[in-house]
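# Examination of the molecular architecture
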Amino acid sequence: MGKILKSAPGHIKAYVCNNVLFLTFVLSSLINSFLLRAFTVKFSYNQVKPLLADIAAVLFIGLFAYCFKPKRRFVYYMIWTCVFALLSAGNSIYYTNYKSFISVSLISTASQLGGVIDAVTENIMEPKDLIFLWSILFMIAEYVFIRRKNPDYFIRLQEKKLGKKYALGTLAVSVSVAGIFATTLTGTDVSRLAKQWNREYVLGTFGLYTYQISDTVSCIHAKVNMMLGFDESEQAFKEFYNDKDEVDKVSNDNEYSNIFKGKNVLTIHAESIQQFALDTYMNGEELTPNLNKLAREGLYFSNFYAQESVGTSSDSEFTFSTSLMPASSGTVAINYWDRDYTSIQSMLRDMGYYTFSMHGNNGSYWNRMNLHNSLGYQKFFNYTTDFNIDETIGLGLSDKSFFNQAVPKIKDIADQNKNFYGTLIMLTNHTPFTDIERVSDFDVDFKYKKYNEETGLYEEISAPFLEGTKLGSYFKSVHYADEAIGQLMEELDEQGLLDNTVIVIYGDHDAKVKEEEYEYYYNYNPFTQEVLSDDDDGYIPVDDFYYNINRKVPFIIWSKDGGYEPKEITQVMGMYDVQPTLGNMLGFENKYALGHDIFSIGDDEENIVIFPNGNFLTDTIYYNSQKEKYFDITGYENVAKYASCNQVYKDTPNPIYSEEVHGIYKTVKDEVYGREAADLRINDGVVDENYISELSSYSEERINISNAIIYYDMINKTDQGFGDGMNSTDVGKDKFSIFSPPSADERDRLFAA
């Protein structure tokens, strides 16, 4: 025993000397994985589990280098170091935007990055994302150092013929560590690894490398399953819809039934506009006066959430139109556009409506040429063929020019058709927002008056506040978009196009503004021009719950002709509830809708909004399935509506500074939105475990059913006969014809012309 202990240092030194590149590869890979967790999921999960999983995975991948001659091993390590570094950086960037991690299934969407590369570099990428590249430089430096210090290093290593011995030893260690890791796993861990849609939990528990390996296997399995797993999905689909009308009815007759039947519909897809923008004032001035006017005069749904995934705008278009969830693997727009979907457009088209869409961007972005055809649009006007690009802001044609050119086209359509349904997709308010600074004169500073003892006069002080910030640029961009909507409404009215027409406005998704921008916004003191930190009494945190609850977007239904009592609907509502709600008003119904007519939900019932990552929202809680925590939202008012200085003084703008009043601004603990107040709402017992379990199962089932419809083209197959007579549409009381999906030739044909 003594001899072994005596010789141990020598053996360790020899091992290190013979495996410098291998150890460099292992350590740098483990460090990058740890940094990724620190930057993203932070320390919300057990740190031992992912470390063990990473060690096992990296050792296993690294041992194959011993199959090569020593001088060739550097290439092997270098390739994997580059792969792991890029995976770490990519996941870090992706998490910033989506609070999830990249998947092999998203490779097909990479083509969409070209149009928004500025947004990635300006708004999403951060210096920390480049830190992971150190491992590449370090590996190169280590190799150069070895060659210079000992030119014969690899020749001598080859002469020792230790490759097989080291490979077997590394394999033994890898398997042993993997075995230890396996003993720490729970049933929940294994289940979530297999399902993959709770990616934050998977990476936080299994580490980066096991997550990516599992994701790759899952994607391959999903592709195989699409070919082989139809029977199981068909059975689940039948069972779900056979019972759905009894246990989860989409719509009931109510005071809004058929109130807009026979009217034209113009839908405005309001790019990146969040609901809190409608509540925002800058120096007492409404940020969105035109949207606010429509909200006051229409049906305004102030607790409305987009349910988009990585397909962002295209996901929202899809969910809005079909009442289905976005695909869990890939995106509908890129991967599954050629299925047959029961959409608003197709059902209204069967009712005699002419259906069209317009966009000031190119027709290939998010594959809209094909997607819109599949959804049932008869014509897609886009800048490639239909608009004069006379003013560019951001990614393409400015919204004001777009609307100005769209109105005559809509007039021609109205003159030639009894009824029409159209969608106008806005563009200017797309991240990164900074190009708006060229044309905007909207101030996002904070103005107040202060007495000047030297002059004896009150002088106006302008604290910079949001000037020069990304959130400030966003506000300017939203104000421009609101002006464009106001201009559109005036031009439509001048042409008589608001008569017998319903205007529907929805925000497609949140602005993807980072947490630190909101942290600055809530904690800025204009009177000292300082920003509070976590140690200050008046500090307001931006935790996951505050951030996610604020991601809601506006949804407005408005008609010049009236026919309803203007009303604000505060019940929670999701994008998949739009089709059933509009269907009840316009006289059509989709039996495959996963959402509900919001007016058919009783006062004693709760609606549920499901998000693609398994999180969900009710009128009682917001549940984070990744962290298995909920936030009690009973009585909660959105922090963005009240916390910032511009909102505190929205009713008393340009205040006269008083040391007694304004000198103590944000010096007292915030009892409503401070950290203690936020923590008190987390898992506070307002609901029990059974409530969480039932709604989690409800959410998972609908995500799976939606995936089955998308992956296997279930609606088309049902219409062809396997569904025991079920039809995809039941249009009103008059039994209009069933949606006839486009032929294969029609699907493949681009229909811009």
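In case you missed it, the structure is sitting above this.
Presented here is a report on the structure given in the accompanying data block. (Residues numbered from 1 in each chain as written. Predicted model: local features only at pLDDT ≥ 70, side-chain atom pairs only at ≥ 80, totals over all residues. Heavy atoms only, no water.)

## Topic: the overall build of the protein chain
Scanning the protein chain for helices and strands turns up 28 helices and 21 strands. When its C-alpha atoms are laid out on the principal axes, the protein chain stretches across 95 × 85 × 55 Å. By residue count, 58% of the 753 residues in the protein chain fall in the buried class. Within the protein chain, counting contacts between residues at least 6 apart in sequence, those at least 24 apart form 78% of the total. (Helix = DSSP H or I, 4+ residues; strand = E, 2+ residues; numbered from the N terminus. Buried < 20%, exposed > 50% of the residue type's maximum accessible area, 1.4 Å probe, protein only. Contact = heavy atoms within 4.5 Å.)

## Looking at the nonpolar core
Here is a general trend for soluble globular proteins: nonpolar side chains tend to be buried in one another's company. By size, the foremost hydrophobic cluster in this structure holds 109 residues, and its most contacted members are Phe301, Phe320 and Phe555. A total of eleven residues in this core trace back to one element, the largest contributor, which is helix α26 (residues 689-712). Apart from residues no more than four positions distant in its own chain, Phe555 is found in contact with Leu299, Tyr300, Phe301, Phe304, Phe320, Val504, Ile505, Tyr506, Met573 and Val578. (Core = buried A, V, L, I, M, F, W, Y, C linked by side-chain atoms within 4.5 Å.)

## Observations regarding the pattern of salt bridges
Applying the stated criterion across every chain yields a total of 34 salt bridges. Note that Glu297 is salt-bridged to Lys293, the shortest N-O span being 2.9 Å. With Glu297 and Lys293 both in helix α12 (residues 289-297) and four residues apart, the pair spans about one turn of that helix. Glu297 sits in the partly exposed class, given a relative accessible area of 32%. Classification of Lys293 as partly exposed rests on a relative accessible area of 42%. Between Asp651 and Lys650 there is a salt bridge, with the nearest N and O atoms lying 3.3 Å from each other. Note on Lys650: relative accessible area 24%, which makes it partly exposed. (Salt bridge = Lys/Arg side-chain N within 4 Å of Asp/Glu carboxyl O.)

## Points about the side chain of Asn303
One can find Asn303 in strand β4 (residues 299-305). Within polar-contact distance, the side chain of Asn303 engages the side chain of Lys552 at 2.8 Å. When neighbours within four sequence positions are excluded, Asn303 is seen to be in contact with Lys552, Ile569, Thr570, Gln571, Val572 and Met573. (Polar contact = N/O pair within 3.5 Å; in protein donor to acceptor, adjacent residues only side chain to side chain.)

## Observations regarding the environment of Lys512
One can find Lys512 in the loop between β12 (501-507) and α19 (515-523). Each C-alpha atom, one on Lys512 and one on Gly163, is 50 Å from the other, the two residues being 349 residues apart in sequence. Only 2.7 Å separates the side chain of Lys512 from the side chain of Glu308, close enough to count as a polar contact.

## A closer look at a negative patch on the surface
A contiguous patch of negative charge, built from Glu239, Asp243, Asp245 and Glu246, is present on the exposed surface. With respect to the helices and strands, Glu246 occurs in helix α11 (residues 230-247). (Patch = residues over 30% accessible without salt bridge, like charges linked within 9 Å, V, L, I, M, F, W, Y side chains within 5 Å. Areas by Shrake-Rupley, 256 points an atom, 1.4 Å probe, with all protein chains shown as cover. Lys, Arg positive; Asp, Glu negative; His and termini not counted. Charge placed at Lys NZ, Arg CZ, Asp CG, Glu CD.)

## Looking at the packing of α12 against helix α18 (residues 470-494)
It is the contact of α12 with α18, at a shortest axis distance of 7 Å, that shows an interaxial angle of 55°. As judged from the angle between their axes, α12 and α18 are oblique. In contact with Pro289, Asn290, Leu291 and Leu294 of α12, α18 contributes His479, Asp482, Glu483, Ile485, Gly486 and Met489. (Axes fitted to C-alpha atoms, helices over the stretch in contact; angles between N-to-C directions. Parallel < 35°, antiparallel > 145°, perpendicular 65-115°, else oblique.)

## Topic: empty space enclosed by the protein
Taken as a whole, this structure holds six cavities of 30 Å³ or more when the rule is applied. Each pocket or cavity is described by its volume, and for the largest cavity that value is around 590 Å³. Considering the residues around the largest cavity, the lining is formed by 37 residues, among which Tyr98, Glu308, Ser309, Pro612 and Asn613 are closest to the centre. Looking at the lining of the largest cavity, the elements that each hand over two or more residues are α4 (70-98), α10 (199-228), α20 (544-549) and β20 (621-624). Counting residues per element, the lining of the largest cavity draws most heavily on α4, which supplies four residues. Looking at side-chain class alone, the lining of the largest cavity contains 13 nonpolar, 15 polar and nine charged residues. In this structure, the second largest cavity encloses a volume near 80 Å³. Lining the second largest cavity, in full, are Asn18, Asn19, Val20, Leu21, Phe22, Tyr66, Pro70, Arg73, Tyr77, Tyr153, Phe154 and Leu157. Every element with two or more residues in the lining of the second largest cavity is listed here: α2 (20-39), α4 and α7 (153-160). (1 Å grid on protein atoms, 1.4 Å probe; cavity = no way out; pocket = protein on both sides within 12 Å on 5 of 7 lines; lining within 4 Å. Points joined across faces, edges and corners; volume = space filled by probe spheres on them. Nonpolar A, V, L, I, M, F, W, Y, C, P; charged D, E, K, R; others polar.)

## Considering the sheet that holds strand β18 (residues 609-610)
On the basis of which strands lie adjacent, the open sheet formed by four strands has the order β18-β19-β20-β21 and antiparallel pairing. A strand with exactly one partner marks an edge of an open sheet, and here the two such strands are β18 and β21 (629-632). With two bridges connecting them, β18 and strand β19 (residues 616-617) associate as antiparallel partners. Across the sheet, residue Ile610 finds its bridge partner in β19, namely Phe616. (Pairing = 2+ DSSP bridges.)

## Some points on α7
Along α7, the residues classified as buried are Tyr153, Phe154 and Leu157. On an axial view of α7, the arc spanned by its buried residues comes to 90°, and they lie on one face. Exposed residues lying more than 90 degrees from the buried face of α7 are Ile155 and Glu159. (Arc of directions from axis to C-beta.)

## Details of the pairing of β12
In terms of burial, β12 is a largely internal element, seven of the seven residues being buried. The side-chain alternation of β12 yields two buried faces, one formed by Thr501, Ile503, Ile505 and Gly507 and the other by Val502, Val504 and Tyr506. Bridging between strand β1 (residues 264-270) and β12 involves seven bridges; their strand directions are parallel. From the neighbouring strand, Asn264 faces β12, where its bridge partner is Thr501. In the sheet, β12 pairs with strand β15 (residues 553-559) via five bridges, with the strands oriented antiparallel. Bridged to Val504 within β15 is Ile557.

## Remarks on a nonpolar patch on the surface
On the surface, Phe60, Phe64, Leu168, Leu171 and Val175 cluster together to form a nonpolar patch covering roughly 440 Å² of accessible area. Ranked by residue count, the leading element in the nonpolar patch is helix α8 (residues 163-183), at three residues.

## Digging into a positive patch on the surface
A contiguous patch of positive charge on the surface is contributed by Lys69, Lys71, Arg72 and Arg147. Within the fold, Arg72 resides in helix α4.

## A few points about the side chain of Ser706
Secondary-structure assignment places Ser706 in helix α26. Non-local contacts of Ser706, meaning those with residues more than four positions away in its chain, are made with Leu324, Met325 and Leu594.

## Let's talk about the pairing of strand β10 (residues 446-452)
Within a regular strand, the side chains alternate between the two sheet faces. Bridging between β10 and strand β11 (residues 457-463) involves seven bridges; their strand directions are antiparallel. Across the sheet, Tyr448 pairs through a bridge with Ile461, a residue of β11.

## Let's talk about helix α9 (residues 187-195)
Inspection of α9 places Asp189, Arg192 and Leu193 among the buried residues, and these make up the whole buried set. Seen end-on, α9 carries its buried residues on one side only, within an arc spanning 105°. The outward face of α9, more than 90 degrees from its buried face, is lined by the exposed residues Gly187 and Ala194.

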